[in-house]
Amino acid sequence: MLMRVVVAMSGGVDSSVAALLLKEKGVEAVGVSMQVWDYRNNGGCLSRATCCAPDDFTDARKTASKIGIPYYVFDFEKTFKSEVIDKFVDSYNKGITPNPCIDCNSKVKFKELRERARSFGANSVATGHYAQIKEVDGRLRLYRGADREKDQSYFLYSITYEELKETSFPVGHLTKPEVRKLAEGAGLPTADKPESQDICFVSGKNSDFIARIGKPPAGYLVSTTGERLGAHDGIHEFTVGQRKGIKIGGLYEPLYVVEIRPESNEVVVGTKKDLEREKFFIKDFAFLYPDEDRFEGTIQVRSRHRGSPAKVEIVDGGAWVTLTEESCVIAPGQAAVFYNGDELLGGGRIGRA
Amino acid sequence: MNGGSFINFDANATYGVLPEVAEEVLSNHSRYLNPSSIHRGGQVARAAIEDAREEIRTLIGADRRDRIVFTSGATESSNSAISSALSGATRENNLVCSNVEHPAVLETCKSFDKVECRICEPEKLREKVDENTRLVTLMLANNETGKVYKVSELFTYVKSNFPWIPTHSDCVQALGKVEINFKELFADTISISGHKIGAFSGVGALIIKDGAQFKPLIHGGPQEVRFRAGTENTLGIISFGIAARIARQKFESRIVRYKAMKLWFSDKLESELTRKQIPYQINFKDEDSLPNTLHVRFPGRKADDLLIALDLEGVLVSAGSACASGKPESSHVLLAHGFSEDEAKECLRISFNAETRFEELASGLEALVRCL
């Protein structure tokens, strides 16, 4: 029997080429776009060019038709609202850095989408992520995308081994220019589409989005020693590690947000040194091969972080990370993902210091 | 995609262009110029349009003096009829509309925010009519459930008590599947559509009773005796005429065929599902309904997923009515019938066209049982 695979199509070039490659491999690919957010009723601008807006569905539909695969739109608004948007808003209000893309992958793409795919006989989900799954020494392993610049494995750390078995990343072994070239060669309408940079459901600033839903009260900017340095319009305008938007001048060193205290509405500012840690705790730890409890490798603490050598010790409820060569700027809530070389081993969310 | 080879169990969405229609239109298409032109090129087109008009008149049993106005489709027809009836209406006025109408009627009614919109079950419409009513509208057959409504009964009541109130009926789904007798319907206006009977899409008609007041929606040139401006969709109108002729000639035989297909399909489905112990519920079974439409609920099974599973097997069905965005929403029609949100999402509509072969019926049924 022909293998039936659902390919999540955002209307961007990566997932378009993912669908194309599956089709060329002789797989029965079924294109699916996920309706996750009602742009019309949430102040969104219909014409903006990021992922999941109605225009993107048109692009995905055109691409599916060009490739010659069926295409459907799934309504995931309910799950997306509870698992991604609510958490996003909640994180800001608690002064924690949100990770909506990771939540969307684990709760929507690799969970609900997979469940729906099964209901019509598709037992595998493909996406346009830059990450690779390879079988080495008798087990499946997850690796960084071949294009180190585009690598998206960081956002996939919470995938389980069971899910890995039913997942594919058809463009993971390619570089972005190669992907564009394939799209161009096949005449796909998304070949020269610009990259989407922002969070798909936010048009404009994150803080404006939060403010529309419910604005936290104004408060003070304070120093690490508790001295009041200025005022702010609400903690939703800040995330730990942020440098822009701190309206205090006349100091030698640049200032960063080093802590957010939601209970007192205080934003603590300090120097880069105040942000750096050598040891920190990560919770909600997900690990692909739970047969060891100590590792050495590289920890990546932001999507654009190149990674720092570290030791990880798994304990009850999470893991301790000790940086072995250099300290790192970290922010509570942000994902910390652990690699051995290019192989992703697991990750979690950075806890409060 | 296995384009072409599929079984159309979704004829209520679009019948599919009849081969006779395509052939006749396309082989002569270059002859038709602008029907408003005075020269012979225009005359040929004009004559063809008038032929089509007569075919439609005959099909629906309209009088020689009733107006058959060609439009871009039934949505335009209903918009025209409703806005004409409500022109000049004030805050004291109301309109009476059933809660199972197609969006073409329902949303149009709601758009007149100055007028009180009395929406209710088809059976209760007459209680809502009073001397301030400016429009009563009820569809003849519902596109989703296939239910046929007693339009003639309601409109007779309206006309005998409030003769001045305009009556409108959306007859899109009924056309070609139940007998429409415009004279006996007591409607001032009805809307019909070409693509539901095998013509091209993009053409419809508004039938206006002789003597009924009408104010055009679209202004411009003098086409359609000033009832509807804009250059006529000549090829579409011709296709509509041919499809109407076929619908009339084959009416009796098609009804017999539809009934046989529906009976065979539902009997076989029931016995298969009972044997396999798959829960199901055939809706509107003992009610007056379209002979080609079967409405089934599979408890615990999302109809959207079933639709996709069937599509991938080459069998086309519908879960609710067709939606342009592709985003599925709970059907207002099923909610109006008392289904819960969840139950409404478990309902599948199977609608045959008269060309559906028995082998297709059998393999479609097999696929359905397999996917459940």
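Residues numbered from 1 in each chain as written. Chains lettered and ligands numbered in written order. Predicted model: local features only at pLDDT ≥ 70, side-chain atom pairs only at ≥ 80, totals over all residues. Heavy atoms only, no water.

Q: Would you explain the overall build of chain A in this entry?
A: Regarding its fold elements, chain A presents eight helices and 19 strands. Since a compact globule built from 353 residues should have a radius of gyration of about 20 Å, the 21 Å found for chain A is in line with a globular shape. When its C-alpha atoms are laid out on the principal axes, chain A stretches across 70 × 50 × 35 Å. Looking at chain A as a whole, 54% of its 353 residues qualify as buried. Taking all contacts inside chain A whose residues are at least 6 apart in sequence as the whole, residues at least 24 apart take part in 64%. Within the structure as shown, chain A displays about 16200 Å² of accessible surface, and the carbon and sulfur contribution to it stands at 48%. (Helix = DSSP H or I, 4+ residues; strand = E, 2+ residues; numbered from the N terminus. Rg over C-alpha atoms; globule rule 2.2 N^0.38 Å. Buried < 20%, exposed > 50% of the residue type's maximum accessible area, 1.4 Å probe, protein only. Contact = heavy atoms within 4.5 Å. Areas by Shrake-Rupley, 256 points an atom, 1.4 Å probe, with all protein chains shown as cover.)

Q: Any chance you could explain the interface of chain B and chain A here in plain terms?
A: It is common to report an interface's size as the accessible area lost on association of the parts. In this assembly, 13 residues from chain B lie in contact with 17 residues from chain A. A combined buried area of about 1400 Å² lies between chain B and chain A, and 52% of that area is made up of carbon and sulfur atoms. Along the contact surface separating chain B from chain A lie one salt bridge. For the pair chain B and chain A, the number of links is four residue pairs in polar contact (both at pLDDT 80 or more). Grouping the amino acids of the side of chain B that touches chain A by side-chain chemistry returns six nonpolar, two polar and five charged. (Buried area = accessible area lost by both parts, 1.4 Å probe. Salt bridge = Lys/Arg side-chain N within 4 Å of Asp/Glu carboxyl O. Polar contact = N/O pair within 3.5 Å; in protein donor to acceptor, adjacent residues only side chain to side chain. Nonpolar A, V, L, I, M, F, W, Y, C, P; charged D, E, K, R; others polar.)

Q: I keep staring at the domain arrangement of chain A and nothing clicks. Help me out?
A: Residues and elements named next belong to chain A. Along its sequence, chain A is carved into domain 1 (4–185), domain 2 (216–274) and domain 3 (278–350). Summarising the inter-unit geometry, the C-alpha centres of domain 1 and domain 2 are found 36 Å apart. For the pairing of domain 1 and domain 2, the buried interface totals around 520 Å² over both sides, and the portion due to carbon and sulfur atoms is 60%. Our count for the contact surface shared by domain 1 and domain 2 stands at zero residue pairs in polar contact (both at pLDDT 80 or more). When its residues are assigned to classes, the side of domain 1 that touches domain 2 shows two nonpolar, three polar and one charged. (Domains from an automatic or database assignment.)

Q: Is there a simple way to think about the packing of aromatic side chains in this case?
A: For any pair of aromatic rings, the description consists of the separation of the ring centres together with the inter-plane angle of the planes. Scanning the model with the defined rule gives 21 aromatic pairs over all chains in all. Plain terms: the ring middles of F110 of chain A and F169 of chain A are 6.3 Å apart, the flat faces sit at 90° to each other, and that makes the pair edge-to-face. Here F110 of chain A is found in helix α4 (residues 100–119), whereas its partner F169 of chain A is found in the loop between β7 (167–168) and α6 (176–185), with 59 residues between them in sequence. In this structure, F110 of chain A and F169 of chain A share a single accessibility class: buried. Of the aromatic side chains, those joined through ring pairs into one cluster are F80, F88, Y92, F201 and F209 of chain A. Its guanidinium or amino end placed over the ring of Y220 of chain A, R228 of chain A lies 3.7 Å from that ring's centre, counting from NZ or CZ. Above the face of the F182 of chain B ring, K209 of chain B is positioned so that its terminal group lies 5.2 Å from the ring centre. (Phe/Tyr/Trp six-rings, centres within 6.5 Å; stacked < 30°, edge-to-face > 60°. Lys NZ or Arg CZ within 6 Å of the ring centre and 35° of its normal.)

Q: Could you clarify how one ought to interpret helix α13 (residues 358–371) of chain B in this entry?
A: Residue pairs spaced three or four apart in an α-helix point in one direction, given the helix's 3.6 residues per turn. All names here are of chain B. Spanning 14 residues, α13 covers 20 Å between terminal C-alpha atoms, matching the ideal 20 Å at 1.5 Å per step. All buried positions along α13 are accounted for by E360, L361, G364, L365, A367, L368, V369 and C371. If you follow the buried residues of α13, they end up packed against β1 (7–8), α9 (251–275), α10 (303–312), β11 (315–316) and β12 (347–351). (Expected span 1.5 Å × (residues − 1).)

Q: I tried to follow the sheet that holds β7 of chain A on my own but got confused; where do I start?
A: Backbone hydrogen bonds hold the strands of a sheet together, and the pairing may be parallel or antiparallel. Residue and element names in this part refer to chain A. Pairing in this open sheet of five strands is parallel, and the strands run β3-β2-β1-β4-β7 from one edge to the other. Where the open sheet ends on each side, the last strands, each with one partner, are β3 (71–75) and β7. Bridge analysis of strand β2 (residues 28–35) against β3 gives five bridges, and the strand direction is parallel. Pairing of M34 across the sheet is with F74, part of β3. (Pairing = 2+ DSSP bridges.)

Q: Help me understand the packing of helix α1 (residues 13–24) of chain A against α6 of chain A, please; the structure alone is not making it clear to me.
A: Two measures define how a pair of helices packs: the angle their axes make with one another and the distance between the axes. Residue and element names in this part refer to chain A. The geometry of α1 relative to α6 is characterised by a closest axis approach of 9 Å and an angle of 65° between their N-to-C directions. At the point where α1 passes α6, the crossing takes the left-handed sense. In contact with V13, D14, V17, L20 and L21 of α1, α6 contributes K176, V179, R180, L182 and A183. Broken down by class, the residue content of the contact of α1 with α6 amounts to seven nonpolar, no polar and three charged. (Axes fitted to C-alpha atoms, helices over the stretch in contact; angles between N-to-C directions. Left-handed = near helix turned anticlockwise from the far one by under 90°.)

Q: Is there a simple way to think about the domain arrangement of chain B in this case?
A: Residues and elements named next belong to chain B. Taken domain by domain, chain B consists of domain 1 (7–16 + 251–371) and domain 2 (19–249). Each of domain 1 and domain 2 has a C-alpha centre, and these two points are 27 Å apart. Facing 27 residues of domain 1, the contacting portion of domain 2 comprises 28 residues. Interface area, domain 1 with domain 2, both sides summed: about 2400 Å², of which 54% is carbon and sulfur. Sorting the residues of domain 1 by area buried against domain 2 places F251, L290 and H332 first, and these three jointly supply 27% of that buried surface. Counting every contact that joins domain 1 to domain 2 gives one salt bridge. Across the pair K147 and E287 runs a salt bridge whose closest N-O atoms are separated by 2.8 Å. Taken together, domain 1 and domain 2 are joined by 16 residue pairs in polar contact (both at pLDDT 80 or more). When its residues are assigned to classes, the side of domain 1 that touches domain 2 shows eleven nonpolar, twelve polar and four charged.

Q: Just checking my understanding: could you explain α9 of chain B for this structure?
A: Residue and element names in this part refer to chain B. For α9, spanning 25 residues, the distance from its first C-alpha to its last is 36 Å, which sits close to the expected 36 Å at 1.5 Å a residue. Looking at α9, one finds that the buried residues are F251, R254, I255, Y258, M261, K262, F265, S266, L269, E270, E272 and L273. One or two positions beyond α9, positive phi appears at Q277, with a value near 55°.

Q: Any chance you could explain the environment of E313 of chain B here in plain terms?
A: Residues and elements named next belong to chain B. Within the element layout of this structure, E313 appears in the loop between α10 and β11. E313 sits in the partly exposed class, given a relative accessible area of 35%. Once residues within four sequence positions are removed from consideration, E313 is found in contact with A367, R370 and C371. Within the structure, E313 has its side chain in polar contact with the side chain of R370 (distance 2.6 Å).

Q: What should I look at first to understand the side chain of S77 of chain B in this one?
A: Relative to the helices and strands, S77 of chain B resides in helix α3 (residues 74–86). Dropping the residues within four chain positions of it, S77 of chain B is found in contact with T71, S191, I192, G204, A205 and L206 of chain B.

Q: So what exactly am I meant to see when it comes to the environment of G121 of chain A here?
A: Tracing the sequence through the fold places G121 of chain A in the loop between α4 and β4 (124–126). As for G121 of chain A and R4 of chain A, which are separated by 117 residues in sequence, their C-alpha atoms are 6.8 Å apart.

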